[in-house]
Amino acid sequence: MKILLVILTLSYSVPSLAFDIKPGLWEVQTVVTYDGKQFDPQAEIKKAMAAMSPEQRKQMEALMKKGAGGGSGFGGLSENGFRICYTKAMLNDPKKVMESSKKCKMDLKSQTSTKLTGTFNCPDDKTSGTFDWTVKNQNLYEGLMTGKTKDGKTSLVRQNAKFVSADCGSVKPEL
């Protein structure tokens, strides 16, 4: 579960960097392949939460609303994925967003208004890899993140994100 939180933290922090997308509430669908096995993290979390006591479920929901993983900025699950809030300031200042990740170092290799590529290194978890996000239009983007864990296992995270609303409601931005 710890590696899943690292992957999700990175994957929900990175896409806001220098993208020509609308600020506001976004819904992100994610599929993860870890050690050759594909799974849907949203479905896995829903399944785990269904098995929890009402008290445990309430605690988990509160943690997710705050942003699990130490400020990942995602606002929990919706019917179609995780929700995250991007502000105009976040979209305009990629270095500031990257520096907000204290657990992992990110290095931009290429940055345009429609494409973002780079590398990440998380010394605490001994994971590293690359990321590549592409804007389809101001309402859609997709991402791909590949990585290696400390034990040499490969992870692949694919994301498709769509704009939901200019108003983030209860979902708080990372910065």
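Because the structure is predicted, anything quoted here is derived from the model rather than measured.

Along the protein, the regular secondary structure elements total five helices and nine strands. Secondary structure of the protein in N-to-C order comes out as α-β-β-α-α-β-β-α-α-β-β-β-β-β. Counting over 175 residues, the protein shows a buried share of 44%. Put simply, 58% of the contacts in the protein that link residues at least 6 apart link residues at least 24 apart. Here the protein has roughly 9100 Å² of accessible surface; of this, 52% comes from carbon and sulfur atoms.

In this section: the state of the cysteines. Going through the model one piece at a time under the given rule, you end up with one disulfide. Across a sulfur-sulfur distance of 2.0 Å, C85 and C168 are joined as a disulfide pair. Taking the sign of the torsion about the S-S bond as the criterion, the disulfide between C85 and C168, at about 80 degrees, is right-handed. Highlighted residues: C85 in strand β4 (residues 82-86) and C168 in the segment after β9 (154-165), separated in sequence by 83 residues. Here C85 matches C168 in class, with each residue buried.

All chains considered together, the criterion is met by six salt bridges. Between K136 and E142 there is a salt bridge, and its shortest N-O distance comes to 3.3 Å. D151 is the partner of K153 in a salt bridge, and the nearest nitrogen-oxygen pair spans 4.0 Å. For K153, a relative accessible area of 29% puts it in the partly exposed group. Owing to a relative accessible area of 48%, D151 belongs among the partly exposed residues under this scheme. A single salt-bridge network, built from bridges that share partners, covers D35, D151 and K153.

Take the pairing of strand β5 (residues 105-111) next. For β5 and strand β6 (residues 115-122), the ladder comprises six bridges, and the chain directions are antiparallel. Residue S110 lies in a different strand from β6, and its bridge partner there is T117. The turn joining β5 and β6, which pair antiparallel and follow one another in sequence, is formed by three residues.

What counts as what
- Residues numbered from 1 in each chain as written.
- Predicted model: local features only at pLDDT ≥ 70, side-chain atom pairs only at ≥ 80, totals over all residues.
- Heavy atoms only, no water.
- Helix = DSSP H or I, 4+ residues; strand = E, 2+ residues; numbered from the N terminus.
- Buried < 20%, exposed > 50% of the residue type's maximum accessible area, 1.4 Å probe, protein only.
- Contact = heavy atoms within 4.5 Å.
- Areas by Shrake-Rupley, 256 points an atom, 1.4 Å probe, with all protein chains shown as cover.
- Disulfide = S-S within 2.5 Å.
- Salt bridge = Lys/Arg side-chain N within 4 Å of Asp/Glu carboxyl O.
- Pairing = 2+ DSSP bridges.

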